[in-house]
Structure formats: structure tokens, C-alpha cells
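The residues making up each chain are set out below.
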Amino acid sequence: MNNYIKSIKIRNLFDEKDINWKLNRVNVLVGKNGLGKSTILHLINSAITQESSKYLNLCDDVMLEMTNNEKYHALKEAIPPDLLEVIIKELSASEDFINAIESSLTDYKDTKKSNIEIVNNIKKNIILDFKKKASIQDKNIINQEGLSSYKFGINVEPMETEFISTINMNANSVNNVTTSSGSPTTFLDFEINNEIKRLLDNSSKYPEKNLEEKLTNSLNNLFNETDKEIVIINNNLKVLLLDGKELSFKDLSSGERQVVFIFLKVINASINNSLILMDEPEISLHLSWQEKLLDEISKVNTSSQIIIVTHSPAILMNGWFDCLTDIKDIVFDNIDSYEVD
């Protein structure tokens, strides 16, 4: 039996609410904008991977209980004043820190027609303000000032995760990068190439899984609506048109390339039963593709736990309404206390 997240508890999210969510293998979270759906995904990812992120500053702690009774945990802690003092001394001696302060005061200096002496005095006051905070002993006050760090649960190995955000993909589809060979490409196309290499490597290691066939079958259940066929030829993902013309995946629209990337990530995740976190996968997808999305994802990956945040009820079509959770149903004033490892 695969190890899944059984429940998620988040304390003091946005300094105003607690989250208590019991999960299944496939989970779809919906709700109004601004309630924290995407933040919950990022908090899950940070607790599992044990990597710090800006989202951890939005709550006091995160606890994930697994089906094997392991617990992944991230707990906010105040930075000890003596450690903070050391950090401040390092910052005050750093050219980068000084340049950052001076840069932030450029508009002020130009507006007030001030000289460098005034800028330096303001800089000193900022450093002194940090030192003043460092002398505060009360943990709650330090947390309110933002002087905090996170510790993660001990004796728990990080779990494999795949975080898929079409919000980021939408930007990556137009952001240009240059490869080491000097060839221009977009960041999304660069990521697709990396996932294709992973797929080919996984296919050679696990030929019995028929990964390439599963991928192309599911993609073509979507792309046949546009008279295109996805094939893998000579270790390259190609697009065939009705007239026999052959295209690169790079010739697809941004929405089509996003679908290709999603399915590559999902099928590669099946190798290690990685946790799949998906943020608004419906972006740039036609309604009919949204309706088929979960069906096709479940065909290429039958083992991973999937947590999706969406605004589209179409994703739940074709019998997935049992996976629906409205965020208002998992928000509470208080949740039961739990032990921290």
C-alpha cells in the first residue's frame, strides 16, 4: 500500500484561521479567491520537502499525518536574540546589505535632494532598529515583528513531490532563455525537454510500464479534437498533422504545451509514487479538456496521491465529485492540539 497524506492541519493561517483537512488519494480543493487554497499547496510542499519558503511565514505550524502514521511537520520558532545579534552584525558588514539599503532610499534621496550623509544616517537607524528588536525577549512580539524561522520534523525522510503550477507555466511559456549552445527557447520548452529526458530514462529502466504508450494515448485523447497526433519518434516528442506534416512540440500553442508538460510530470511521478500538487491546471485549457483531465491523469498514473486546487467545476465532471472539498468546510476557529516531534 502506498503512503499517502491522511490529514493536514495548519495553525493560525494568515493569523486568523486554522485548517483541518482529511484527504483521499485524489483531492480537489475549490473556493473563492483569497482564502488560501494555493498557499495550502505550498505549505504541504514545504513540510514534505523540508525546504523553507515565504509561505511558511503565513502560519504558525503545519502538520501532515501519513497513512503509515509518520508526521511531516514545520513549526515556527522565534530566532533567539543572541543568534539574531550575530545575523545583524553580518548584515551590517555586508556590501550587499548596504547597497540594498542605499538602493531602497534612492527615490527619497532624489526627492529630498539629500546627500550621502543623510542616507548613511538612515541606514544606521535601520540597523539599530534591528538590534532593538533583537533585545526583545517576548517570543510573541518577536514573531509579530517577523523575526522567526522554521524547524522541521525530525526522523522523517523527505518524500518525492511534483509541484505543477500552470500559473507559473503561463509565464514560462513566453519567458525566453538561451541554452548553453546559444539556441533561444522558452523556459517552458526547456522544462518539457527535461521531462522528456526523464520519461525516456524511466522507459528504458521500466519497459514493462509502457510509459510512452500511456503518455501518447492520453495526450491523443485530448489532441484528436484538434486533428493532431502526439508521437515519440527517435527520442523526440513530435506532432503529426492530418496532411502528414510533422511539427515539433515547440510549435504548439502555450495551452497545448502546458498540457504536454502536465502529463509528462504526472507520468514521471508514477515511478516513485510521488505526491502530485497541482495549482489551477485548468488555466488555458478548453472546457472539454478540463472535463477529461482527471480521467486521463488517472490513466497514466494510478498510484500517486493527487491534490488539486482549481476554480473550474468542469474538472470534476465524469464522476469525480466525491473528490471535491470546499475550503470553507475545512476552516475552523480552533483545531485540536497535537504533539510536535
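Residues numbered from 1 in each chain as written. Predicted model: local features only at pLDDT ≥ 70, side-chain atom pairs only at ≥ 80, totals over all residues. Heavy atoms only, no water.

A. How the structure looks around the pairing of strand β2 (residues 17-22). Relative to β2, strand β1 (residues 5-13) is paired through five bridges, and the arrangement is antiparallel. Across the sheet, residue serine 7 finds its bridge partner in β2, namely lysine 22. Count of turn residues in the β1/β2 antiparallel hairpin: three residues, of which phenylalanine 14 carries a positive phi of about 55°. (Pairing = 2+ DSSP bridges. Helix = DSSP H or I, 4+ residues; strand = E, 2+ residues; numbered from the N terminus.)

B. Local environment of the nonpolar core. In this structure, Phe223 and Phe263 are the most contacted members of the largest nonpolar core, which totals 44 residues. Listed by contribution, the elements that provide at least two residues to this core are β3 (26-30), α8 (187-205), α9 (211-223), β11 (236-241), α10 (254-269), β13 (275-279), α11 (287-300) and β14 (306-309). Of all the elements, α10 adds the most residues to this core, at nine residues. In this structure, Leu29, Leu64, Ala74 and Phe152 belong to the second largest nonpolar core, which totals 31 residues. (Core = buried A, V, L, I, M, F, W, Y, C linked by side-chain atoms within 4.5 Å. Buried < 20%, exposed > 50% of the residue type's maximum accessible area, 1.4 Å probe, protein only.)

C. Fine view of the packing of aromatic side chains. Enumeration according to the criterion identifies two aromatic pairs in this entry. When the centroid spacing of 5.1 Å and the interplanar angle of 55° are considered together, the rings of phenylalanine 223 and tryptophan 289 count as tilted. Of this pair, phenylalanine 223 sits in helix α9 while tryptophan 289 sits in helix α11, placing them 66 residues apart in sequence. For the pair phenylalanine 223 and tryptophan 289, one class covers both residues: buried. (Phe/Tyr/Trp six-rings, centres within 6.5 Å; stacked < 30°, edge-to-face > 60°.)

D. View of the packing of α9 against α11. Running from amino to carboxyl end, α9 crosses α11 at an angle of 170°, the nearest separation of the two axes being 10 Å. Between α9 and α11, the angle is such that the two are roughly antiparallel. Across from Lys214, Leu215, Ser218, Asn221, Leu222 and Phe223 in α9, the residues of α11 making contact are Trp289, Lys292, Glu296, Lys299 and Val300. The residue inventory of the contact of α9 with α11, partitioned by class, reads five nonpolar, two polar and four charged. (Axes fitted to C-alpha atoms, helices over the stretch in contact; angles between N-to-C directions. Parallel < 35°, antiparallel > 145°, perpendicular 65-115°, else oblique. Contact = heavy atoms within 4.5 Å. Nonpolar A, V, L, I, M, F, W, Y, C, P; charged D, E, K, R; others polar.)

E. Looking closely at the sheet that holds strand β12 (residues 246-248). Pairing is antiparallel in the open sheet, where three strands are placed in the order β10-β11-β12. In this open sheet, the two edge strands, each paired with only one partner strand, are β10 (228-233) and β12. Ignoring which end each strand starts from, the neighbouring axes of this sheet average 40° apart. Sheet topology places β10 next to β11; six bridges connect them, and they run antiparallel. Each bridged residue has a counterpart across the sheet, and for isoleucine 232 the counterpart in β11 is leucine 237.

F. The arrangement of α10 in detail. Between its first and last C-alpha, α10 extends 22 Å over 16 residues, near the 22 Å set by a 1.5 Å rise per residue. Burial within α10 is extensive, with 15 of its 16 residues counted as buried. (Expected span 1.5 Å × (residues − 1).)

G. Spotlight on unusual backbone geometry. Of note, the phi angle at glutamine 50 is positive, near 60°, even though the residue is not glycine. Following the sequence through the fold, glutamine 50 ends up in the loop between α1 (37-49) and β4 (61-66). By relative accessible area, which is 26% here, glutamine 50 ends up partly exposed. You will see that asparagine 273, though not glycine, has its phi angle at about 55°, which is positive. Structurally, asparagine 273 can be placed in the loop between α10 and β13. Asparagine 273 gets classed as partly exposed once you look at its relative accessible area, which sits at 28%.

H. Local environment of the confidence of the model for the chain. Residue-level pLDDT values for the chain average 80, and 70% of them are 70 or greater. Overall, residues 130-147 carries pLDDT values under 50, and its contacts beyond four positions in sequence, including any with other chains, amount to 26 contacts. Between residues 337-341, whose pLDDT stays under 50, and residues either more than four places distant or in other chains, the model counts twelve contacts. (pLDDT = per-residue confidence, 0-100.)

I. View of the packing of α8 against α9. Packing of α8 against α9 brings their axes to within 9 Å, and their N-to-C directions diverge by 135°. Accordingly, the angle class assigned to the pair α8 and α9 is oblique. The residues of α9 that touch α8, namely those facing Leu199, Leu200, Asn202 and Ser203, are Leu211, Glu212 and Leu215.

J. Molecular detail of the side chain of threonine 216. Of note, threonine 216 is situated in helix α9. A distance of 3.2 Å separates a polar side-chain atom of threonine 216 from the backbone oxygen of glutamate 213. (Polar contact = N/O pair within 3.5 Å; in protein donor to acceptor, adjacent residues only side chain to side chain.)

K. Structural context of the environment of phenylalanine 321. Looking at the secondary structure, you find phenylalanine 321 in the loop between β14 and β15 (324-326). When its relative accessible area of 46% is taken as the criterion, phenylalanine 321 is described as partly exposed. Along the chain, phenylalanine 321 and asparagine 27 lie 294 residues apart, while their C-alpha atoms are 9.7 Å from each other.

L. Molecular detail of α1. Taking 1.5 Å of rise per residue, the 13 residues of α1 would be expected to cover 18 Å, and the 19 Å separating its terminal C-alpha atoms lies within 8% of that figure. With twelve of 13 residues buried, α1 lies mostly within the body of the structure. Listed as buried for α1 are Lys37, Thr39, Ile40, Leu41, His42, Leu43, Ile44, Asn45, Ser46, Ala47, Ile48 and Thr49. Positive backbone phi, approximately 60°, marks glutamine 50, located one or two places after α1.

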